[in-house]
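Commentary on secondary and tertiary structure
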Amino acid sequence: WGHDRWPVHHARSLAKAIEADMKVALVNADLLPVPPVLGGAIEHTLFETAMAIRRPQVTVISPWSRSLKKCEGLDRGTFRHVHISNQEKKARRLLGPKRIHNLMSPREARLFHYASGVADLLDELDPDIIQMHNRPEIVPFLIDQFPGKQVILYQHNDARHGSPQVRQAARL
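Let us look at helix H3 (residues 84-95). In a regular helix each residue adds 1.5 Å, so 12 residues correspond to 16 Å; H3 covers 16 Å between its end C-alpha atoms and thus fits that length. Within the sequence span of H3, burial applies to Ile 84, Gln 87 and Ala 91. The buried residues of H3 occupy an angular sector of 60° when projected down its axis, which confines them to one face.

Right, here's the structure in full:
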(Lines give C-alpha, C1' and ligand atoms only; values in the text may rest on other atoms or scores of the structure.)
Protein backbone atom coordinates (compact mmCIF):
# COMPACT_ATOMS: atom_id res chain seq x y z
CA TRP A 1 0.00 0.00 0.00
CA GLY A 2 1.15 3.50 -0.71
CA HIS A 3 0.84 6.07 2.07
CA ASP A 4 -1.69 8.01 0.01
CA ARG A 5 -4.14 5.07 0.09
CA TRP A 6 -4.35 4.78 3.89
CA PRO A 7 -6.77 7.68 4.42
CA VAL A 8 -9.02 6.32 1.66
CA HIS A 9 -8.92 2.83 3.19
CA HIS A 10 -9.64 4.35 6.64
CA ALA A 11 -12.69 6.23 5.34
CA ARG A 12 -13.99 3.17 3.47
CA SER A 13 -13.60 0.97 6.54
CA LEU A 14 -15.47 3.42 8.74
CA ALA A 15 -18.21 3.85 6.12
CA LYS A 16 -18.56 0.05 5.89
CA ALA A 17 -18.75 -0.16 9.68
CA ILE A 18 -21.44 2.51 9.82
CA GLU A 19 -23.56 0.64 7.27
CA ALA A 20 -23.25 -2.64 9.15
CA ASP A 21 -23.53 -1.07 12.62
CA MET A 22 -20.25 -2.69 13.61
CA LYS A 23 -18.10 -2.00 16.66
CA VAL A 24 -14.81 -0.21 15.94
CA ALA A 25 -11.76 0.04 18.21
CA LEU A 26 -9.28 2.82 17.49
CA VAL A 27 -6.00 1.89 19.18
CA ASN A 28 -3.60 4.74 19.81
CA ALA A 29 0.16 4.35 20.03
CA ASP A 30 1.66 3.69 23.45
CA LEU A 31 2.85 7.21 24.24
CA LEU A 32 -0.01 9.66 24.91
CA PRO A 33 -3.54 9.21 26.26
CA VAL A 34 -6.87 10.04 24.66
CA PRO A 35 -8.55 12.42 25.56
CA PRO A 36 -5.47 14.50 24.67
CA VAL A 37 -4.74 15.88 28.15
CA LEU A 38 -1.02 15.90 27.31
CA GLY A 39 -1.46 17.12 23.72
CA GLY A 40 -0.72 15.29 20.50
CA ALA A 41 -2.24 15.75 17.05
CA ILE A 42 -3.17 12.08 16.64
CA GLU A 43 -4.70 12.04 20.11
CA HIS A 44 -6.81 15.09 19.20
CA THR A 45 -7.91 13.39 15.98
CA LEU A 46 -8.93 10.19 17.76
CA PHE A 47 -10.77 12.17 20.44
CA GLU A 48 -12.67 14.28 17.90
CA THR A 49 -13.50 11.20 15.81
CA ALA A 50 -14.88 9.34 18.82
CA MET A 51 -16.90 12.36 19.94
CA ALA A 52 -18.34 12.97 16.46
CA ILE A 53 -19.30 9.39 15.56
CA ARG A 54 -22.04 7.70 17.54
CA ARG A 55 -22.77 4.99 15.02
CA PRO A 56 -20.94 2.66 14.73
CA GLN A 57 -19.88 2.18 18.32
CA VAL A 58 -16.37 3.60 18.53
CA THR A 59 -14.02 2.88 21.41
CA VAL A 60 -10.60 4.50 21.70
CA ILE A 61 -7.85 2.58 23.49
CA SER A 62 -4.80 4.48 24.67
CA PRO A 63 -2.26 4.44 27.50
CA TRP A 64 -3.37 5.61 30.93
CA SER A 65 -1.88 8.75 32.45
CA ARG A 66 -2.33 10.42 35.83
CA SER A 67 -3.37 13.52 33.88
CA LEU A 68 -6.62 11.75 32.97
CA LYS A 69 -7.77 12.14 36.57
CA LYS A 70 -8.52 15.79 35.67
CA CYS A 71 -11.06 14.72 33.02
CA GLU A 72 -14.40 15.05 34.71
CA GLY A 73 -17.30 13.26 33.08
CA LEU A 74 -15.05 11.16 30.85
CA ASP A 75 -17.07 8.55 28.96
CA ARG A 76 -15.36 5.37 30.18
CA GLY A 77 -17.26 3.36 27.57
CA THR A 78 -15.76 5.33 24.70
CA PHE A 79 -12.31 5.93 26.14
CA ARG A 80 -10.50 2.92 27.59
CA HIS A 81 -6.99 2.96 28.98
CA VAL A 82 -4.14 0.51 29.40
CA HIS A 83 -2.20 0.81 32.65
CA ILE A 84 1.19 -0.20 31.28
CA SER A 85 2.70 -0.47 34.77
CA ASN A 86 -0.04 -2.93 35.77
CA GLN A 87 0.70 -5.02 32.69
CA GLU A 88 4.38 -5.00 33.63
CA LYS A 89 3.56 -6.22 37.15
CA LYS A 90 1.42 -9.00 35.67
CA ALA A 91 4.28 -10.09 33.39
CA ARG A 92 6.74 -10.05 36.29
CA ARG A 93 4.45 -12.30 38.31
CA LEU A 94 4.30 -14.73 35.39
CA LEU A 95 7.89 -14.58 34.17
CA GLY A 96 9.94 -13.26 37.07
CA PRO A 97 11.35 -9.75 37.44
CA LYS A 98 14.63 -10.13 35.55
CA ARG A 99 13.42 -12.31 32.73
CA ILE A 100 11.53 -9.64 30.72
CA HIS A 101 14.50 -7.28 30.79
CA ASN A 102 16.83 -10.09 29.70
CA LEU A 103 14.60 -10.79 26.70
CA MET A 104 14.07 -7.29 25.32
CA SER A 105 15.02 -3.63 25.46
CA PRO A 106 13.04 -1.23 27.69
CA ARG A 107 11.27 0.16 24.57
CA GLU A 108 10.34 -3.34 23.41
CA ALA A 109 9.19 -4.25 26.92
CA ARG A 110 6.93 -1.16 27.06
CA LEU A 111 5.44 -2.04 23.67
CA PHE A 112 4.96 -5.66 24.80
CA HIS A 113 3.14 -4.58 27.98
CA TYR A 114 0.98 -2.10 26.06
CA ALA A 115 0.07 -4.67 23.38
CA SER A 116 -0.85 -7.16 26.11
CA GLY A 117 -3.15 -4.62 27.77
CA VAL A 118 -4.68 -3.66 24.42
CA ALA A 119 -5.39 -7.34 23.71
CA ASP A 120 -7.10 -7.69 27.11
CA LEU A 121 -9.38 -4.73 26.34
CA LEU A 122 -10.07 -5.89 22.78
CA ASP A 123 -11.00 -9.32 24.09
CA GLU A 124 -13.53 -7.65 26.38
CA LEU A 125 -14.86 -5.22 23.74
CA ASP A 126 -15.02 -7.73 20.87
CA PRO A 127 -14.89 -5.12 18.07
CA ASP A 128 -15.47 -5.97 14.42
CA ILE A 129 -12.73 -3.61 13.23
CA ILE A 130 -9.45 -2.86 15.00
CA GLN A 131 -7.59 0.19 13.73
CA MET A 132 -4.01 0.47 15.05
CA HIS A 133 -2.42 3.91 14.84
CA ASN A 134 1.34 4.30 14.21
CA ARG A 135 2.49 0.99 15.70
CA PRO A 136 3.10 -1.51 12.88
CA GLU A 137 4.96 -3.71 15.36
CA ILE A 138 1.67 -4.52 17.11
CA VAL A 139 -0.32 -5.44 13.98
CA PRO A 140 0.98 -9.03 13.55
CA PHE A 141 0.25 -9.70 17.23
CA LEU A 142 -3.31 -8.36 16.87
CA ILE A 143 -3.92 -10.45 13.76
CA ASP A 144 -2.72 -13.56 15.61
CA GLN A 145 -4.78 -12.78 18.70
CA PHE A 146 -7.97 -11.87 16.83
CA PRO A 147 -8.29 -14.05 13.72
CA GLY A 148 -11.28 -13.12 11.61
CA LYS A 149 -11.23 -9.50 12.76
CA GLN A 150 -10.35 -6.74 10.33
CA VAL A 151 -7.10 -5.15 11.56
CA ILE A 152 -6.08 -1.88 9.91
CA LEU A 153 -2.77 -0.06 10.33
CA TYR A 154 -3.10 3.69 10.06
CA GLN A 155 0.28 5.41 9.75
CA HIS A 156 0.02 9.15 10.25
CA ASN A 157 3.11 11.31 9.79
CA ASP A 158 5.46 8.60 10.99
CA ALA A 159 8.79 8.52 9.18
CA ARG A 160 8.90 4.69 9.23
CA HIS A 161 6.65 4.17 6.18
CA GLY A 162 9.30 2.09 4.45
CA SER A 163 10.31 0.17 7.56
CA PRO A 164 10.28 -3.65 7.64
CA GLN A 165 7.47 -3.54 10.25
CA VAL A 166 5.23 -1.48 7.95
CA ARG A 167 5.96 -3.75 4.98
CA GLN A 168 5.21 -6.85 7.10
CA ALA A 169 1.94 -5.36 8.38
CA ALA A 170 0.92 -4.47 4.82
CA ARG A 171 1.45 -8.09 3.70
CA LEU A 172 -0.76 -9.52 6.47
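Now that the structure has been shown, we can carry on.
Its 20 residues give helix H5 (residues 106-125) an end-to-end C-alpha distance of 28 Å, which sits within 8% of 28 Å, the value for a rise of 1.5 Å per residue. One or two residues past the end of H5 sits Asp 126, with phi positive at roughly 50°.

A cis amide bond, omega 5°, links Val 34 with the succeeding residue Pro 35. Tracing the chain through its elements places Pro 35 in the loop between strand E1 (23-27) and helix H2 (41-52). For Asp 126, which is not glycine, the phi torsion reads 50° and is therefore positive. By the secondary structure assignment, Asp 126 is in the loop between H5 and strand E4 (129-133). Unlike most non-glycine residues, Asn 134 shows phi in positive territory, near 60°. By the element assignment, Asn 134 lies in the loop between E4 and helix H6 (139-145). Judged by its relative accessible area of 7%, Asn 134 falls in the buried class.

Definitions and limits used
- Residues numbered from 1 in each chain as written.
- Predicted model: local features only at pLDDT ≥ 70, side-chain atom pairs only at ≥ 80, totals over all residues.
- Heavy atoms only, no water.
- Helix = DSSP H or I, 4+ residues; strand = E, 2+ residues; numbered from the N terminus.
- Expected span 1.5 Å × (residues − 1).
- Buried < 20%, exposed > 50% of the residue type's maximum accessible area, 1.4 Å probe, protein only.
- Arc of directions from axis to C-beta.

Honestly, that's just the spatial picture; any functional story needs more than this.
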